[in-house]
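Chain residues, written in single-letter form:
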Amino acid sequence: MSSHTFSMSFDAHAGRRPRWPWWASVGVCVALMLAVPRYADTALQLDLSLVMILSLLALSMGLLWGYVGILSFGQTIFFGLGGYAYALFSLNTDLPVAALALAAVVPMLFAVLLGYFMMYGRISDIYLSVITLVVTLIFEKGVRATSGPEYVIGAVRLNGQNGIPGVPGLPLRIGPLDLQSIEGIFYLALFFLALAYVGIRLFLASPTGRVLVGLRENDKRMELLGYDSRLYKLMAFVISGGLAGLAGGLYALWGNFVGPEMFSLNQAAMVVIWVIVGGRSILAGPILGTLLIQYLTTWLGTVGVGQVTLALGFILIVCVLLFPQGLAPACQSLIARLAPQRRAGGER
Amino acid sequence: MTSLYTGLYLVVFSISLMLLISLGLAVIFGMMKVINLAHGEFMMVGGYACVLSANAGAPLWLGVLAGGAIAGIAGIVVERLVIRFLYGRMVDTLLATWGLSLLFVGAATTVFGASSMGMSTDFANVSLGGMSVSSYNLAICAFSFSLVALCWWLAVRTKAGLIVRGTMQASEMAACLGVDRDRVYMSTFGLGSCLAGLAGAALAPLTGVSPAMGGFFVAKAFITVIVGGHLPLVGASAASSLFGAIDGVVSYAYSSVLGEVSMLIAAVLLLRMLPLGITGRMKRGM
């Protein structure tokens, strides 16, 4: 398992309950983000909302890849499924809240199906990556082929290539906050990201979470200890699928739009790049990577250096060859070196 | 009777397409165990070489050869610059070749534009069992079957093939016997890319070329090679026959998208039953 060996030195915290420095840094970050809409303009709020939604997608992959050792390229399947589930259900009924729940549930159901075949077939990790990639491609192709008027779900046309426009937001008010406004979506994204981040961190410290980390280190040994690795892996796959689906639902809500690009190979590649640039051995890595790469692609687009894909491909190769750990663990070890007596303090 | 012939012809054609698409990957992934997600992009390189040389006035066969040669050279360059640092690290190889694939797509879009390029073709139709068939499709069938035969001959009947197989099986031992492993890996990767380039070039007159064309092939190629199992040639041929037949029949009866979807479902089901692929239980063979 070459992908796992180098992450070992950094995951000492994985099985432990978080201590107060961690809670404090999470609190500070959330408080800072809460203040953003007060000072930032609309464009920045929209950008940051998107980054947070995509971070949720990256986090779902970081959990699966960094902590369970399963490299699934299929996170975009669940992302797309979640988006389409939200769009179709909220357009067909008047229940957007239920639709957002479905955005997590539908991908989880599909994850059970796909995961069953892969985990219980004991397909080795590298084949699993390829199979999830192939399923992504098939989904993209399938959705793109639904442009004809005969492809209707409820009262909504799937529109193939063009996607579904006019996806509604959540018509809810929390105090003075309208969840359909730009500010509302910002807080919604922040809420779910913070919830997922803290939730995953606590989950990893729970007995089940420790089993998952154990599976990454040595699944044979875990089986000899009596844990059914297939079941645990399937569970992790389903949880991560639900998170990615939720991100998809939020994405649909953010842009009022879903399209087949959500399933696309480029999108799948983006998720991998976020996670690998940020680093997958700590949970803050995927978030950091998403932030950096999103801003980098926007910046590359504005300076007009030509093809963004070209730059991203280059970044991916360089990261794999030179910085396989990613940025966040590098920052963490730097902080640990500056404050050697308490190395947990570097984690965000 | 005619519809039976039509069906049979479509199945044979679809099998030969599948073989053509996956042969290069069977060498790189099946033999070398290098997961090459840029396989489709090597096909694209071959396709562009073929279209450009044909539009410059070269005959088609020369264009196809040029496609193979240029993709082969590109493969050797890539092996030297990236792949050789990653042997044995499968996940990293997968990620790096994905980066390569993005890089190639981006480069092709920058140079040739995002839209697809075609070439003028004038292939006569021939009559076969009462139906009219493009002669080029028949040529593709012949081309892909002879490429498989050539690979088999190379691997089994030549000294170079013996050295390559030995190196892949036990590289330490091969090195002890004086084989330059670096060169063997490099040239095998080059051969695989060359086969991919030939495939892309041969398909270019049918499909045209575009920077994103690799994505259409890479999934098919991978499931063919994975389901094939550890014997690259036998496995790829068996899996191609199976998937080609499924794809051909379903595409003919319903639609090409449904053909691909059913192919994928068949692949996942098959891997559930035979996790090691079709040739998983076979001990000997190529």
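Thresholds applied
Residues numbered from 1 in each chain as written. Chains lettered and ligands numbered in written order. Predicted model: local features only at pLDDT ≥ 70, side-chain atom pairs only at ≥ 80, totals over all residues. Heavy atoms only, no water. Helix = DSSP H or I, 4+ residues; strand = E, 2+ residues; numbered from the N terminus. Rg over C-alpha atoms; globule rule 2.2 N^0.38 Å. Buried < 20%, exposed > 50% of the residue type's maximum accessible area, 1.4 Å probe, protein only. Areas by Shrake-Rupley, 256 points an atom, 1.4 Å probe, with all protein chains shown as cover. Lys, Arg positive; Asp, Glu negative; His and termini not counted. Charge placed at Lys NZ, Arg CZ, Asp CG, Glu CD. Contact = heavy atoms within 4.5 Å. pLDDT = per-residue confidence, 0-100. Buried area = accessible area lost by both parts, 1.4 Å probe. Salt bridge = Lys/Arg side-chain N within 4 Å of Asp/Glu carboxyl O. Polar contact = N/O pair within 3.5 Å; in protein donor to acceptor, adjacent residues only side chain to side chain. Axes fitted to C-alpha atoms, helices over the stretch in contact; angles between N-to-C directions. Parallel < 35°, antiparallel > 145°, perpendicular 65-115°, else oblique. Left-handed = near helix turned anticlockwise from the far one by under 90°. Nonpolar A, V, L, I, M, F, W, Y, C, P; charged D, E, K, R; others polar. Expected span 1.5 Å × (residues − 1). Arc of directions from axis to C-beta. Patch = residues over 30% accessible without salt bridge, like charges linked within 9 Å, V, L, I, M, F, W, Y side chains within 5 Å.

Now for the overall build of chain A. Helices and strands together make up the secondary structure of chain A, namely 14 helices and six strands. In summary, chain A has a C-alpha radius of gyration of 20 Å against a globular reference of 20 Å for 348 residues, a match within 12%. In terms of its C-alpha atoms, chain A occupies a principal-axis envelope of roughly 60 × 50 × 45 Å. A burial count over chain A gives 55% of its 348 residues as buried. Summing over all exposed atoms, chain A offers an accessible surface of approximately 14,300 Å²; the carbon and sulfur share of this is 67%. The averaged location of the 15 negative side-chain charges in chain A is 11 Å from the averaged location of its 21 positive side-chain charges.

Moving on to the overall build of chain B. Summing up its helical and strand segments, chain B has eleven helices and two strands in all. Going from N to C terminus, chain B has its helices and strands arranged as α-α-α-α-β-β-α-α-α-α-α-α-α. In terms of overall dimensions, chain B is globule-like: its C-alpha atoms have a radius of gyration of 19 Å, near the 19 Å expected for 286 residues. Relative to its 286 residues, chain B shows a buried fraction of 54%. In chain B, once contacts between residues fewer than 6 apart in sequence are set aside, the share between residues at least 24 apart is 78%. For chain B, the accessible area works out to roughly 12,000 Å², and carbon and sulfur atoms hold 68% of it. With 14 positive and 9 negative side-chain charges, chain B shows a separation of 13 Å between the mean positions of the two kinds.

To continue, consider the confidence of the model for chain A. All names here are of chain A. Looking at chain A as a whole, its pLDDT mean stands at 84, while 92% of the residues score no less than 70. Averaged pLDDT values over the elements of chain A bottom out at 41 in helix α1 (residues 2–5) and peak at 94 in helix α10 (residues 229–255). Scored below 50 in pLDDT, residues 343–348 shows 20 contacts in the model against residues more than four places distant or in partner chains.

On the side of chain B, 40 residues touch chain A, which itself brings 39 residues to the contact. Interface of chain A and chain B: buried area, both sides summed, is about 3,600 Å²; carbon and sulfur atoms make up 83% of it. Where chain A touches chain B, the interface holds one salt bridge. Close ionic contact of Lys141 of chain A with Glu260 of chain B constitutes a salt bridge, the shortest N to O distance being 2.7 Å. Counting across the chain A and chain B interface gives one residue pair in polar contact (both at pLDDT 80 or more). Within the residue set of the side of chain A that touches chain B, elements represented by two or more residues are α1, α5 (96–120), α6 (125–144), α11 (265–278) and α13 (308–322) of chain A.

Negative phi characterises most residues that are not glycine, and trans characterises most peptide bonds. With phi around 55°, Asn256 of chain A is a residue other than glycine that occupies positive phi space. Take Asn256 of chain A: it is sitting in the loop between α10 and β6 (257–258). Here Asn256 of chain A falls in the partly exposed class, since its relative accessible area comes to 36%. In this model, Lys33 of chain B sits at a positive phi of 60°, which is unusual for a non-glycine residue. With respect to the helices and strands, Lys33 of chain B occurs in the loop between α1 (2–31) and α2 (39–55).

Turning our attention to the pattern of salt bridges. A complete count under the given rule lists eleven salt bridges over all chains for this structure. Between Glu260 of chain B and Lys220 of chain B there is a salt bridge, and its shortest N-O distance comes to 3.8 Å. Of this pair, Glu260 of chain B sits in helix α11 (residues 256–273) while Lys220 of chain B sits in helix α9 (residues 214–228), placing them 40 residues apart in sequence. Across the pair, exposure class does not vary: Glu260 of chain B and Lys220 of chain B are buried alike. Through salt bridges that share partners, Lys141 of chain A together with Lys220, Asp247 and Glu260 of chain B make up one connected network.

Attention now goes to the confidence of the model for chain B. Residues and elements named next belong to chain B. Summing up the model confidence of chain B, the mean pLDDT is 88 and the portion of residues at 70 or higher is 99%. Element-level mean pLDDT values for chain B span from 78 in strand β1 (residues 125–128) up to 94 in helix α3 (residues 60–81). Interface confidence in the predicted complex, given as ipTM, is 0.83; pTM for the same model is 0.85.

With that settled, consider the environment of Asp247 of chain B. Mapped onto the elements, Asp247 of chain B comes out in helix α10 (residues 232–253). In this structure Asp247 of chain B touches Ser14, Met18, Lys220, Tyr252, Ser256, Gly259, Glu260 and Met263 of chain B, once residues within four positions along its chain are discounted.

Residues and elements named next belong to chain A. Look at helix α4 (residues 75–92) against α5: their axes get within 8 Å of each other, and the N-to-C directions meet at 140°. When the interaxial angle is binned, α4 and α5 end up oblique. For the pair α4 and α5, the crossing hand works out as right-handed. Contacts between α4 and α5 involve Ile77, Phe78, Leu81, Gly82, Ala85, Tyr86, Phe89 and Ser90 from the former and Pro96, Ala98, Ala99, Leu100, Leu102, Ala103, Val106, Pro107, Phe110, Ala111 and Leu114 from the latter. Along the lines of polarity and charge, the residues of the contact of α4 with α5 split into 17 nonpolar, two polar and no charged.

All names here are of chain A. For helix α14 (residues 327–338), which comprises twelve residues, the first-to-last C-alpha distance of 17 Å matches the rise-based estimate of 16 Å (1.5 Å per residue) to within 8%. Among all positions of α14, only Ala328, Pro329, Gln332 and Ala336 are buried. Around the axis of α14, the buried residues are gathered within 95° of arc, so they sit on the same side. Among the exposed residues of α14, those pointing more than 90 degrees away from its buried face are Arg337 and Leu338.

Turning our attention to the packing of α11 of chain A against helix α4 (residues 90–112) of chain B. Interaxial distance between α11 of chain A and α4 of chain B falls to 11 Å at its minimum, and their mutual angle equals 130°. Judged by the inter-axis angle, α11 of chain A sits oblique to α4 of chain B. Crossing handedness for the pair α11 of chain A and α4 of chain B: left-handed. On α4 of chain B, the residues touching Leu265, Asn266, Ala268, Ala269, Val272, Ile273 and Ile276 of chain A of α11 of chain A are Leu95, Trp98 and Leu102 of chain B. Of the residues belonging to the contact of α11 of chain A with α4 of chain B, the class tally is nine nonpolar, one polar and no charged.

It is worth spelling out a nonpolar patch on the surface at this point. Residue and element names in this part refer to chain B. There is a patch of nonpolar side chains on the surface, built from Tyr5, Leu8, Val12 and Phe145 and spanning about 360 Å² of accessible area. Per-element accounting of the nonpolar patch gives the leading share, three residues, to α1. Mapped onto the fold, Tyr5 is located in helix α1. Using a relative accessible area of 38% as the deciding quantity, one classes Tyr5 as partly exposed.

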